[in-house]
Amino acid sequence: MSLFTHRAYWRWSAGVQFARLPATMAPLAFTLLTTATTGSYRLGGVLMSVFVAAEMVCAVPAGRLLDRVGPARGLPALLLLTAAGYVVLALAADAPGPVLVALVVLPGVSAAALSGGFRTLLADTVDDELLPRAISVDAMLLEGVLIGGPALVALLDLAGPFVPLAAMAAACVAAALLVPRRAGSRGRVESAADVPAARLSTYLPWLCCAFTVGLLLSTIEVAPLPLVQRLGAPETAAPVVIAVLSGASIVGSALYAWRGKTGDPRLFLAGFVAGGLTLAADLGWPGLLASVAVIGACTGPLVAATSVNLQCLLPKNRRSAGFSLSFTVQACGFGLGSLAVGALPLWVTPLFGVFAAAIAGAMLVRRPARAIGTVSVTS
């Protein structure tokens, strides 16, 4: 079956995009809400920090809960709880700051395992042969969600600062309605005795790949303004960097989806090393745009290859927790990269991503093709 005529996949895709939309809207929505109610944007930043911290702390425990009850059953409940959390936060917008900080924990906790749960459902929605293409197409759609979320908040804010939070709640409800129900019967979890045990070292190379993606991407996404100012360009040139990164990521994912094979992640890690070194070298506009384009083009394929190989290694009754851990590790990389941008010289920050990519590649050379290039999944 072709992916483009695969109705179950597109239902899953619509559900996961709706589930992702609130997270892309949250930073600006929280800031606009607190600015309107307190006159300061700083509380919005605190709310977002607490929200992300709650997600990261609870991702693996919530993923284990989904593994026990089944993602097809557990995801709708978590999505409805997340929607309720956004509604409560909007209704209590005039409350003191500490109350808002406490209330934002609810949607953060309930949203913690959504990405891992949806990724687990994908394994039961498409065949193994379609999996690399399915993940690549999803990466292309994710770029649209990342761009569209803040734009939607800016548009809805014209109707009032509470409207974006209401839209975030509505998106969660829509995602709950779109969760594939039949996937639960195909992907029924087995008992722990039915699945092979694996040491943590087996997963480390792939977790390191996820960490590298977040670490190097943050160097670009958080620092477009200083990158163009380093070249003597005005602030208005900063969006060009993000446009090149997003465009290259879409093109790379499209080519990867067209090829339809897992590929060797060491090739994409080498692209990260080359792009990061070029970015650090400060070679003018040609160097900046070329490095950003190489990193962007390698991002989607590296994410897809990492995801496919993790699925090959994770037991079925650990997938939600395993994928949630992977997303958390990637978020940690993004956070540490963002911190480095604010604390260190600009030419130094890409070198951390280069080092991480080299370490991940070395791990995969030392532990070669345990899963590289393989898409068959055995339980």
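Relevant structure appears above.
Residues numbered from 1 in each chain as written. Predicted model: local features only at pLDDT ≥ 70, side-chain atom pairs only at ≥ 80, totals over all residues. Heavy atoms only, no water.

Engineer: Lay out the overall build of the protein in plain terms, naming residues and giving numbers.
Structural biologist: For the protein, the helix and strand inventory stands at 16 helices and zero strands. For the protein, the residues scored as buried account for 50% of the 379 residues in total. The long-range fraction of contacts in the protein, counting pairs at least 24 apart against all pairs at least 6 apart in sequence, stands at 85%. Counting every atom, the protein has about 16,100 Å² of accessible surface; 70% of that belongs to carbon and sulfur. (Helix = DSSP H or I, 4+ residues; strand = E, 2+ residues; numbered from the N terminus. Buried < 20%, exposed > 50% of the residue type's maximum accessible area, 1.4 Å probe, protein only. Contact = heavy atoms within 4.5 Å. Areas by Shrake-Rupley, 256 points an atom, 1.4 Å probe, with all protein chains shown as cover.)

Engineer: Which residues make up the pattern of salt bridges, and what values do they have?
Structural biologist: For the structure on display, the rule yields five salt bridges. When the shortest N-O distance is used, the salt bridge between Arg64 and Asp67 registers 3.7 Å. Of this pair, Arg64 and Asp67 both sit in helix H2 (residues 42-69), three residues apart, which is roughly one turn of the helix. The class of Arg64 is partly exposed, set by a relative accessible area of 26%. On the accessibility criterion, Asp67 (3% relative accessible area) is buried. The partner of Asp264 in a salt bridge is Arg266, with the nearest N and O atoms 2.9 Å apart. Given the relative accessible area of 29%, Asp264 is considered partly exposed. Judged by its relative accessible area of 27%, Arg266 is partly exposed. (Salt bridge = Lys/Arg side-chain N within 4 Å of Asp/Glu carboxyl O.)

Engineer: Help me get a handle on H2, residues and values and all.
Structural biologist: Turn by turn, an α-helix covers 3.6 residues, leaving residues three or four places apart pointing in a common direction. A rise of 1.5 Å per residue sets the reference length of H2, with its 28 residues, at 40 Å; its end C-alpha atoms lie 39 Å apart and thus fit the reference within 8%. Along H2, the sharpest kink reaches roughly 50°, centred on Ala59 and followed within four residues by the proline Pro61. Taken together, the buried positions of H2 are occupied by Leu43, Gly44, Leu47, Met48, Phe51, Ala54, Cys58, Ala59, Ala62, Gly63, Leu66 and Asp67. Against the buried residues of H2 lie helix H1 (7-38), helix H3 (71-91), helix H4 (97-103), helix H5 (105-110), helix H6 (114-125) and helix H15 (319-343). One or two positions beyond H2, positive phi appears at Gly70, with a value near 95°. (Expected span 1.5 Å × (residues − 1). Bend = angle between axes of the 7 residues up to and from the residue.)

Engineer: Please give an account of the nonpolar core that cites residues and values.
Structural biologist: Residues Tyr9, Leu79, Phe118, Leu122, Val126 and Phe272 are the most contacted members of the largest nonpolar core, which totals 70 residues. Counting residues domain by domain, this core receives three or more from each of domain 1 (9-180) and domain 2 (199-370). Not counting chain neighbours up to four residues away, the residues in contact with Leu79 comprise Ala19, Leu114, Phe118, Cys172, Ala175, Ala176 and Val179. By size, the runner-up hydrophobic cluster in this structure holds 26 residues, among which are Leu21, Ala29, Leu33 and Ala90. (Core = buried A, V, L, I, M, F, W, Y, C linked by side-chain atoms within 4.5 Å. Domains from an automatic or database assignment.)

Engineer: Could you give an account of the packing of H1 against helix H8 (residues 163-178), naming the residues involved and the relevant values?
Structural biologist: Between H1 and H8, the least distance of the axes is 8 Å, while the angle of their chain directions is 165°. In terms of orientation, H1 lies roughly antiparallel with respect to H8. For the pair H1 and H8, the sense of crossing is left-handed. Facing H1, whose interface residues are Arg11, Ala14, Gly15, Phe18, Ala19, Leu21, Pro22, Met25, Ala26, Ala29, Phe30 and Leu33, H8 presents Pro164, Leu165, Ala167, Met168, Ala171, Cys172, Ala174, Ala175, Leu177 and Leu178. Residues belonging to the contact of H1 with H8 are distributed by class as follows: 20 nonpolar, one polar and one charged. (Axes fitted to C-alpha atoms, helices over the stretch in contact; angles between N-to-C directions. Parallel < 35°, antiparallel > 145°, perpendicular 65-115°, else oblique. Left-handed = near helix turned anticlockwise from the far one by under 90°. Nonpolar A, V, L, I, M, F, W, Y, C, P; charged D, E, K, R; others polar.)

These results come straight from atomic positions and should not be treated as a statement about function.
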